[in-house]
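A look at the structure
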Amino acid sequence: MSTHTATNMKAPQAPIGAAPTPFKVVARVAATIWSNGKARIGIIILGAFILIAIFAPLIAPYGAAENGFPRSTDASPEHWLGTTAAGEDVLSQLLWGSQISIFVGLVAGLLSTVIAVLVGLSWGYVRGFGADVINFIVNLFLVIPGLPLMIVIAAYLSGGGIGMIIVVVVITGWAWGARVLRSQTQSLRSRDFVTAAVFSGERPFRIVFREILPNMTSLIVGNFFGAATAAILAEAGLEYLGLGDTTIVSWGTMLFWAQNSNALLTGQWALLFAPGLCIALLATSLTLINFGVDGISNPRLREGAKK
Amino acid sequence: MTTLLEVLDLSVDYGYGADATHAVRNVSFSLEHGEFVGLVGESGSGKSTLGFALTGLSKPPAHIVGGRIQFGSSDIASLGDADLREQRHGGIAMVLQSGMNALNPVRSIRNHFFDIFKAHGHVSRERWSSRAEELVSKVELPTQVLDRFPGELSGGMRQRVSIALALSLEPKLMVFDEPTTALDVLVQHAVMNTIIELQQKEQFTAILISHDLGIVLESAQRVMVMHEGEIVEDGSAHDILNSPKDDYTRMLLSHYADPRADVVELPGFEDRSVRTAAGKPRAAGATHPPTVSSRSRRTDQKAMVVTNVSKVYPPPRRGESPVTAVDDVSFTLEPGEALALVGASGSGKSTIAKLITAVEKPTSGSIRFGDMDVAGLRRSRFRQLHSDVQMVFQDPYAALNPLHTVEYTLTRPVVNFTGLHGQDARRRVLDLLDTVGLSPVEEFAAKLPHQLSGGQRQRVVIARALASNPQMIIADEPVSMLDVSLRAGVLALLEDLREQWGVSLLYITHDLLSARVVTDNIMVLNQGRVVESGNTADVLRNPQDEYTVRLLDAIPNPGRDVA
C-alpha cells in the first residue's frame, strides 16, 4: 500500500485549471487566427466590407435605384465614380451592392458547409452499401462541370432573385467539402476514442456529431470560408451573365449593366473596375483568413507564423 | 582513453520567459572514446531533449540557454547550420525511435545510401555500391535489401537500415534514441544485440537513450539516470544495479523482476501463490468495494466460452494467400478469473479481443457469453454485450476524446447503461472516479485529458470501462504506454477490481512480468495458435514450448548479464 501511494504521489500533479468555457475556446481560436499576419489583413478587409454593407444606407450619398442624374458622366465631386447609362450613382450602387455579395456569400457558404458536414460525416462513418450510394451521388456532382451546371439550373429557375442564386450555388458547391470531410472522418473513426464511444453504448449519430465533429472544427471553418469565397464568385458570375434578377443592385448586376452599355467603349472604366475589384478583394480577404484557420489545428504552422 | 565529448553545465528550455519549461538543467558529463553509455529516465525527464541538443538537432521551441558541448575542437551548442552539416561526417550521428519511418517510401534503400555519399562526397563514386553493401551487412541484413523499398521491409529491418545509414558517415559518437521501443519484443531483442555487437566491433562511442532501465543495464557499461532534467546518478552498470545511491534509481529498479523466478514481487504486489496460500487480498486496496445499489442488478455471473474459433482475413494483395490471424482457438473465461493472452505482435491476441467484443466476426467457431451468441451479434444489440463486456485500451493518449471533460466521458456510459440521469448520474461518475483513485473527484471531473498524466488518463479509461458495471474487462496492453513507476499502480487497480468487484479479466500483453503478477492462467499465442496454456506461474517457471522460451529470453534482465 505504501508503495502504491508513493507512485500516486510521484505522478506529476499538474496545476488544476478550470475546464475552458466555450467563450474561452472561441476567444482562443480568434486569437490564433489574429496572430497570423495574413489572416489579420483578411479580417480587416472583411470587417470593412461588413461595416460598409451594414451602414450603406448612411454612407451612400444617394439611393441605389435613384436614376434622375445625368447619364454616363465621368467622375465629378457630386458623383465620385460617375453615373451609369441609366443615370444612377456608381458609388452608391457599389456601397449598396456589397450587401448582396456578403449576404449571398455568407448564407450560401453556410448552407453548403452544413450539407457538406451532414453528407461528409455520415458518408465517412457508414460502411457498405450506404456508403456506395452516397459515393455515387457525390461523384455525380463532382464530375459535372460546375459553371455549365449552374447556368442550366439558373436558366431553369429563371427570375428567382437572390434566393435562386443561393440555391444554385449550394447545389453545385457542397460536393468537394463533403469529400474532404469524409476523408477526415474516415481517419478519425479508427481512433481509439471512437471505438471507446461504441463501448460506452453511444448511438452512431451521437458518435459522429459529438465525438468526431468537434475534432475537425478547423477543417469545417476552413471549408466555410472556401465555400463562401466560391459563392461570392459564383453569384457575381451568374448575375454578370444576366441569369439572376437584373433589377436588383449587386456587384454582379453592375457588371452586367456596364457590359450591356458598353462602358469600356465609352471610357467609363470605373463601372467595370470598381465592382470587379470589390469582388476580388472580398474573395481575397476570405482566403487570407483561411491561412489563419490552418493554424488552429496545426500548431506547427502557428510556430512558423511567429518566427 | 581520451575524452571525446564534454558537456558542461548544459541547460535546454522549451519556450521563453516565464512560460519556459526547463527540460534540461545544468547537466555536466564527459564521454571517453569507445564508451557505451546508457541514459535512462521516464517520459518528461529531458533525456531525448538532451540527445537532440548533443547532435545539434534541437528544434524550436527547444533552445539551449546555457552551457557548452565540447566535441573535438568545436562547441556544438554554438555551431551554425553549415558547420553542423560539415561536422556530421566523422562526428555525431543519431538513430531515432521512429527512424524506421524516416525512410522515403518512394526511394530504394540503395538510393538512401547514395544520397548521403553524394551530399558528403567522402566515398568515391565507383565505391558507392560496395560501401552500401558493406554497411547493410554490418547490421546483419542481406545485400538484396538495397534494391527494396522501405514499404517492403519489416519494422525491424527498417530500423537496421537507419542504423546503417547513421554508420555511413563513420561517426565517432552514435546517439540511439529509444531505437527499439517501437518494435516488437522479439525483434527488439535482436536489434539490441546487433547494436551491442556493432559497438564492440566498430569501437564507436555510443549513447543509448531509453526509458527501460532493463535494456540499458543489459547493454551499457555506464549508466546515467535522468530525472526532471537533472542527472541524478552516473555510474557503472554494475554499481547502479547492485548499489544504487539515488532514491529515484532504487524506485526504478524495484519495478524489475524475473517472471521466471519462484517468487515474484513488485511494489504493491506480493507473489500470487504466497497470497493465495495466506488467503489475503493484494493489499489494503486501491479501490472501494462496489456500492450495493450498483451490484444488486447482477445475480447471474456469466462465462465467456470460445470454441474452435478461427479468423481468416482476405489476402492483403491479389495473388497472395489469405491471412489466418486466429487459428482454432478455444478457451473459457470463468467469472472472476484472470486470464493472460500473451504473444509477440502479429500473434493474433488483439484479433481475439475484437472477436469477443463482436467488433469482428469469426470465420468459424462459436463465441458465447452466457446465452448470448457473440459471433452472430447484430450491431443493434452491441449495447447489450457492452454492458457486460468492456475494454481498456492500450494507449490512454488516444482513447480519450481530447475535447471532452472527464465528466462528460464518464457520464455517457452511465446514462447509456444504467439509465441514471442528472444528479444521480453525476454522483455515480464521482463514485467511479473515487473508485479508480482519482481524488479530489470534483476537480478531476472538470479536467480535460491533456491536463492529466498518462497514469491518470489510464485510470479514467478504466473508470469508463467500469461505468456499465461489467462482468468482464478486456485489457489490451493497458500499461505498455506508461512509465514504469506508473505501471504498478494501474496493475494494482485492475487486480483490486477483480478481487473486490468479481470482474473477470482478459489481460492481453507481451509483458510476461505483468502477466505473472495479475493473472491466474495464461495462454501463449504464436501465429494465431495456442502453443501453451496453463497456470501462469507454472508456465513461466517451466515453459514447454520453444516460443515461450524465446519470449522469456527477450525480456531485458539486468541481473542476468551484469552478474
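Predicted, not measured: the structure shown is a model, and the values here were computed from it.

Here we take up the overall build of chain B. Counting its regular elements, chain B contains 22 helices and 20 strands. Over its C-alpha trace chain B gives a radius of gyration of 26 Å, about what one expects of a compact globule, namely 24 Å for 563 residues. Each principal axis of the C-alpha atoms in chain B carries an extent, and together these give about 75 × 60 × 45 Å. For chain B, buried positions account for 48% of its 563 residues. Partitioning the intrachain contacts of chain B with sequence separation of at least 6 by distance along the chain shows that 67% fall at a separation of at least 24.

As a further point, take the overall build of chain A. Each helix and strand in chain A was counted, giving 14 helices and zero strands. Helices and strands appear in chain A in the N-to-C order α-α-α-α-α-α-α-α-α-α-α-α-α-α. By sequence separation, contacts in chain A at least 24 residues apart represent 71% of the contacts at least 6 residues apart.

What follows concerns the confidence of the model for chain B. Residues and elements named next belong to chain B. The share of residues in chain B with pLDDT of 70 or more is 93%, and the mean pLDDT across the chain is 83. Below a pLDDT of 50 lies the segment residues 290–297, which in the model reaches four contacts outside its immediate sequence neighbourhood of four places, other chains included. Under the prediction, the complex receives an ipTM of 0.76, its pTM being 0.79.

All names here are of chain B. Looking at the secondary structure, you find L438 in the loop between helix 15 (422–435) and helix 16 (441–445). Owing to 23 C-beta atoms within 10 Å, L438 belongs among the buried residues under this scheme. For the pair L438 and V460, spaced 22 residues apart in the sequence, the C-alpha separation amounts to 8.2 Å. Setting aside its immediate chain neighbours within four residues, L438 contacts L433, F444, Q456 and R459.

A few words now on the domain arrangement of chain B. Residues and elements named next belong to chain B. Each domain of chain B was delimited in the assignment, giving domain 1 (3–254) and domain 2 (304–555). Contacts between the two partners involve ten residues from domain 1 and, on the opposite side, nine residues from domain 2. Sorting the residues of the side of domain 1 that touches domain 2 by element identifies helix 6 (185–202) and helix 9 (247–254) as the ones contributing at least two each. When residues of the side of domain 1 that touches domain 2 are assigned to their parent elements, the largest contribution, four residues, is made by helix 6.

Right, let's talk about the pairing of strand 4 (residues 62–71) of chain B for a bit. Residue and element names in this part refer to chain B. Relative to strand 4, strand 1 (residues 3–14) runs antiparallel, the two sharing eight bridges. In the strand pairing of strand 4, V7 is matched with I69. Looking at chain direction, strand 4 and strand 5 (residues 74–75) are connected through two bridges and run antiparallel. For Q70, the partnering residue across the bridge sits in strand 5 and is D75. Between strand 4 and strand 5, which pair antiparallel one after the other, the connecting turn spans two residues, and G72 there sits at a positive phi close to 65°.

Here we come to the packing of helix 14 (residues 406–418) of chain B against helix 15 of chain B. Two measures define how a pair of helices packs: the angle their axes make with one another and the distance between the axes. Residue and element names in this part refer to chain B. Between helix 14 and helix 15, the least distance of the axes is 9 Å, while the angle of their chain directions is 120°. If you check the angle between helix 14 and helix 15, you find them oblique. Of the two elements, helix 14 crosses helix 15, and the hand of that crossing is right-handed. In contact with E407, L410, T411, V414, V415 and T418 of helix 14, helix 15 contributes A425, R428, V429 and L432. Taken together, the residues of the contact of helix 14 with helix 15 break down into six nonpolar, two polar and two charged.

Residue and element names in this part refer to chain B. Read across the sheet, six strands follow the order 6-7-8-3-9-10 without closing on themselves; strand pairing throughout is mixed. Each of the sheet's edge strands pairs with one partner strand only, and the pair in question is strand 6 (92–95) and strand 10 (230–236). Along the sheet, successive strands turn relative to each other by an average axial angle of 20°, direction set aside. Sheet topology places strand 6 next to strand 7 (residues 173–177); four bridges connect them, and they run parallel. In the sheet register, I92 faces strand 7, and the bridge partner there is L173.

For the rest of this paragraph, the subject is the confidence of the model for chain A. Residue and element names in this part refer to chain A. Averaged over all residues, the pLDDT of chain A is 82; the fraction at 70 or higher stands at 89%. Overall, residues 1–19 carries pLDDT values under 50, and its contacts beyond four positions in sequence, including any with other chains, amount to 30 contacts. For the stretch residues 303–307, pLDDT sits under 50, and the model shows four contacts to residues farther than four places along the chain or on other chains.

All names here are of chain B. Examined against the element boundaries, L430 turns out to sit in helix 15. Note on L430: 19 C-beta atoms within 10 Å, which makes it partly exposed. With 201 residues separating them along the chain, L430 and G229 place their C-alpha atoms 35 Å apart.

All names here are of chain B. Looking at the secondary structure, you find L540 in helix 20 (residues 536–541). With 281 residues separating them along the chain, L540 and P259 place their C-alpha atoms 6.6 Å apart. Beyond its immediate stretch of four places on either side in the chain, L540 contacts P259, R260, L512, R516 and L552.

This brings us to the sheet that holds strand 11 (residues 304–313) of chain B. Residue and element names in this part refer to chain B. Pairing in this open sheet of four strands is antiparallel, and the strands run 12-11-14-15 from one edge to the other. A strand with exactly one partner marks an edge of an open sheet, and here the two such strands are strand 12 (323–333) and strand 15 (372–373). Bridge count for strand 14 (residues 364–369) against strand 15 is two bridges, and the pairing is antiparallel. Of the residues in strand 15, the one forming a bridge with R368 is D373.

A few words now on the nonpolar core. The biggest cluster of nonpolar side chains holds 161 residues, and the ones touching the most others in it are A231 of chain A together with L341, V342, A463, L506 and Y507 of chain B. The contacts of L341 of chain B, once residues within four sequence positions are left out, are K349, I352, L506, Y507, I508, M523 and L525 of chain B. One finds F204, A220, L241 and V484 of chain B within the second-largest nonpolar core, a separate group that totals 76 residues.

Residue and element names in this part refer to chain B. Here helix 5 (residues 155–167) contains 13 residues, and its C-alpha end-to-end distance of 19 Å stays within 8% of the 18 Å for a straight helix at 1.5 Å per residue. Counting buried positions along helix 5 gives twelve out of 13 residues, so the element sits mostly inside the fold. Regarding helix 5, the residues found buried are G156, M157, R158, Q159, R160, V161, S162, I163, A164, L165, A166 and L167. Lining the buried residues of helix 5 we find strand 6, helix 3 (109–120), helix 4 (128–138), strand 7 and helix 6.

Okay, unusual backbone geometry next. All names here are of chain B. The phi angle at E178 is positive, at roughly 45°, despite the residue not being glycine. The residue E178 is located in the loop between strand 7 and helix 6 in this model. Look at E178 and you get buried, because 21 C-beta atoms sit within 10 Å. The phi torsion at Q527 lies on the positive side, around 50°, for a residue other than glycine. Relative to the elements of secondary structure, Q527 occurs in the loop between strand 19 (521–526) and strand 20 (529–535).

Now for the packing of helix 5 (residues 90–125) of chain A against helix 10 (residues 204–212) of chain A. Residue and element names in this part refer to chain A. Running from N to C, helix 5 and helix 10 cross one another at 115°; their axes reach a closest spacing of 11 Å. The handedness of the crossing between helix 5 and helix 10 is right-handed. From helix 5, L121, S122 and Y125 reach across to helix 10, where they touch P204, V208 and I212. For the contact of helix 5 with helix 10, the class distribution of residues is five nonpolar, one polar and no charged.

Cut-offs and rules
Residues numbered from 1 in each chain as written. Chains lettered and ligands numbered in written order. Predicted model: local features only at pLDDT ≥ 70, side-chain atom pairs only at ≥ 80, totals over all residues. Helix = DSSP H or I, 4+ residues; strand = E, 2+ residues; numbered from the N terminus. Rg over C-alpha atoms; globule rule 2.2 N^0.38 Å. Buried ≥ 20, exposed ≤ 12 C-beta atoms within 10 Å, placed from the backbone. Contact = placed C-beta atoms within 7 Å. pLDDT = per-residue confidence, 0-100. Domains from an automatic or database assignment. Pairing = 2+ DSSP bridges. Axes fitted to C-alpha atoms, helices over the stretch in contact; angles between N-to-C directions. Parallel < 35°, antiparallel > 145°, perpendicular 65-115°, else oblique. Left-handed = near helix turned anticlockwise from the far one by under 90°. Nonpolar A, V, L, I, M, F, W, Y, C, P; charged D, E, K, R; others polar. Core = buried A, V, L, I, M, F, W, Y, C linked by C-beta atoms within 7 Å. Expected span 1.5 Å × (residues − 1).

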